[in-house]
Amino acid sequence: MSAGNPDPRGDPVTGSDESGWPRHIVFAVGGAVLLGFCLRTWGADFGLPYVYHYDDVLTDYMVLRALAQRLRPVIFMYDDVQTSILACFHGVLFVSGWLTTSSYGAVEYLTDHVRDPSTFTLCGRAVSAVSGSLSALAIALVCGRLGGRWCAVSGAMFVAVASAGVQESHNLKGHTLAACLAAFSLYVIVKLLDVGGRRVLLGAGFLLGLTIAAKPYAVALLPALAVSLWFSSQLKVRALAMLAGGAVGGYAVGNPTVFLYPVLTFEAALKLNSLMKSLYGTPWVDTGGLPLWLFYWFGHLRNTLGTPMFLACISGIVAGIVTRHRGIVVVTTFLVSYTVLLHKSSGFTRYMLPLELGACATAAFAVSRVCQNLRWRGAACLTLSALVILVPLRNDVAYDALLSSPDTRTRGAQWLTENVEPGATVIIEGTDSPFLRSFLGPQVRPSPDRVRAELQSKDPNAQGRLLQAILRVAEERPIRLSLENVVGLDEVGGGIDNVDLFRKRGVRYLVSINWVPRRRHVATRYAAEFQRDLDRHYEKIKTFVPEPILRFDPVAWQVDYEKLWQVDPFDRRLVLGPLIEVYKIRE
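Residues numbered from 1 in each chain as written. Predicted model: local features only at pLDDT ≥ 70, side-chain atom pairs only at ≥ 80, totals over all residues. Heavy atoms only, no water.

The next point concerns the overall build of the protein chain. A count of helices and strands for the protein chain gives 25 helices and five strands. Across the protein chain, the fraction of contacts at a sequence separation of at least 24, relative to all contacts at a separation of at least 6, is 82%. Counting only carbon and sulfur atoms, one obtains 60% of the accessible surface of the protein chain, whose full area is about 24700 Å². (Helix = DSSP H or I, 4+ residues; strand = E, 2+ residues; numbered from the N terminus. Contact = heavy atoms within 4.5 Å. Areas by Shrake-Rupley, 256 points an atom, 1.4 Å probe, with all protein chains shown as cover.)

With that settled, the discussion passes to the environment of P354. Along the chain, the position of P354 falls in helix 17 (residues 353-371). Given a relative accessible area of 3%, P354 falls into the buried group. Taking C-alpha positions, P354 is 6.7 Å from A182, a pair spaced 172 residues apart along the chain. Discounting residues that sit within four places of it in the chain, P354 has contacts with A179, Y217, F334 and Y338. (Buried < 20%, exposed > 50% of the residue type's maximum accessible area, 1.4 Å probe, protein only.)

Per-residue pLDDT for the protein chain averages 84, and the proportion of residues at 70 or more is 86%. Taken together, the stretch residues 4-14 has pLDDT below 50 and engages in 27 contacts with residues farther than four places along the chain or on a different chain. (pLDDT = per-residue confidence, 0-100.)

Here we come to the nonpolar core. Counting residues in each nonpolar core, the largest one holds 94 residues, and the members touching the most others are F158 and M309. A per-element tally of this core places helix 17 first, with twelve residues. In this view, F158 contacts M309, C360, A363, A364, V367, S385, V388 and I389; residues no more than four positions away in its chain are not counted. If you look at the next biggest cluster of nonpolar residues, it comprises 32 residues, including L402, I428, V444 and V582. (Core = buried A, V, L, I, M, F, W, Y, C linked by side-chain atoms within 4.5 Å.)

With that settled, the discussion passes to the environment of E475. Checked against the element boundaries, E475 lands in the loop between helix 22 (463-474) and strand 2 (480-481). For the pair E475 and V451, spaced 24 residues apart in sequence, the C-alpha to C-alpha distance is 10.0 Å. Sequence-distant contacts of E475, defined by excluding residues within four places in its chain, comprise P448 and R452.

On to a nonpolar patch on the surface, then. A surface patch of nonpolar side chains, amounting to about 380 Å² of accessible area, comprises L34, F37, V130, L134 and L137. Elements represented by at least two residues in the nonpolar patch include exactly helix 1 (23-41) and helix 5 (118-147). A per-element tally of the nonpolar patch places helix 5 first, with three residues. Following the sequence through the fold, L134 ends up in helix 5. (Patch = residues over 30% accessible without salt bridge, like charges linked within 9 Å, V, L, I, M, F, W, Y side chains within 5 Å. Salt bridge = Lys/Arg side-chain N within 4 Å of Asp/Glu carboxyl O.)

The next thing to look at is unusual backbone geometry. Put simply, L48 and P49 share a cis peptide bond, and its omega is 10 degrees. Positionally, P49 belongs in the loop between helix 1 and helix 2 (54-68). In this structure, the amide linkage connecting E547 to the following residue, P548, adopts the cis form with an omega of 5 degrees. Among the secondary structure elements, P548 is positioned in the loop between strand 4 (538-544) and helix 25 (561-564). Its identity as a non-glycine residue notwithstanding, S233 has a phi of 60 degrees, on the positive side. Within the secondary structure, S233 sits in the loop between helix 10 (221-231) and helix 11 (237-254). Of the residues examined, S233 reaches a relative accessible area of 53% and is grouped as exposed. Even without glycine at this site, R324 takes up a positive phi of about 55 degrees. Its place among the elements puts R324 in the loop between helix 15 (307-322) and helix 16 (326-342).

Dropping the structure here:
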């Protein structure tokens, strides 16, 4: 039956039950899912054994910390489902080492992991790639109920190439998995328009609870659920009770620590909330003067979908509302409620993944409506969809080609290791934490002396073991890297206008990174006064130039779509990374 126009025959134009899809539709949807998987695994090994995504390193650290605390929520794990999966990977890798090596303990495992985290990182990225690919199947199921079989094919094709989903599937962060669960939850919510019953309600509640456990922002699905129940005359106490019961069960599976350690979880959540307010008081991306919610739609979403698909999305929303299509009204309710939540975020692309998936559903509905009265509507729908995906597909191929190319950060780390004299102090900007190192610049191992000092002040059962592993690896290289948190060279201590601070501390090398966000001077790399003093006392001795030079880190911050469109994916001269300039103090 159709979520828009109930029809027991399952009409292939106005709506269809997925159980009645013919073989060619199943193959078409499967082909789209496979395309999405290929785009999400191409370049998945970028940077390794270095890790150049801040959230990859931070997520890994949080999982290790959680394991050290026996999963007690000392740190609030807001990626709970993803955290559990990653914790299992650590467990499997540890047992493998323990079975093959004598005297193998936690420190030995962590040492191997710090030295080369490639295996663990690839496992985590594989989860994201599979989740992103399955999102195409979930939206195909949604679209099958919105507009029929060929609408399902269009929806799968659109999600497969939607650029934000492809980009975010290349890291460990739990947003891709949460968006996949949100897409399946949206499918069940749309299905409730036509199908009720105890099992369906319990299943819908369970899936919704699991999705909220994966990411709390999934509460934006609740208004859509209420609208669906209202339209289907199921907004009753008994139905709500079954949904609530299923939701509690799903949340318990996804985040059992809430029930095992309720007080600790509450305290950790308060600490996290305070930290988020201090970090994310203002957007970290340039919105061009637009309110954040508008920037998500006309900045991020328009770029990730491409203009043709974005216009189809808007057209599908308008057409569905004008014709009072119940399924589109439900999806639109989700888009609106989720946009309201986004307005309070920080502008990162990863937060918009559920928005992108819902937009793909309305775009597919618009395409199916255009083709529904044509004689060869299947061929027409497939052809039109293929034309619509050309823009994001071109971006995806360019993006993956860049990830697969050499990286200036890798070359810079190798050069510093081979050319900086032992004992010299090096400061690389973009270092957010002394143990995460510079994820925007070359990663040189930290000073053993500083690690020993940190080791004496930490809990030996939590951070201590990790620091012991970091110390072991740090002692393998004699270069001394300053472990102070230096985001921007001219922003130390809130902002400086000269390099006297570095000279007094005996810093011999300064490494400048063009991707570092500038809070004080957005228009230029550095203030003119600081640049003059830098050139006066330090000499530029080495430059690592990417091809092309991008304004932002395409993995962690924003994608420079203007430059990305110009990238030739078959150009062997491609080099990813920031523009890196190495300065040495003048003698």
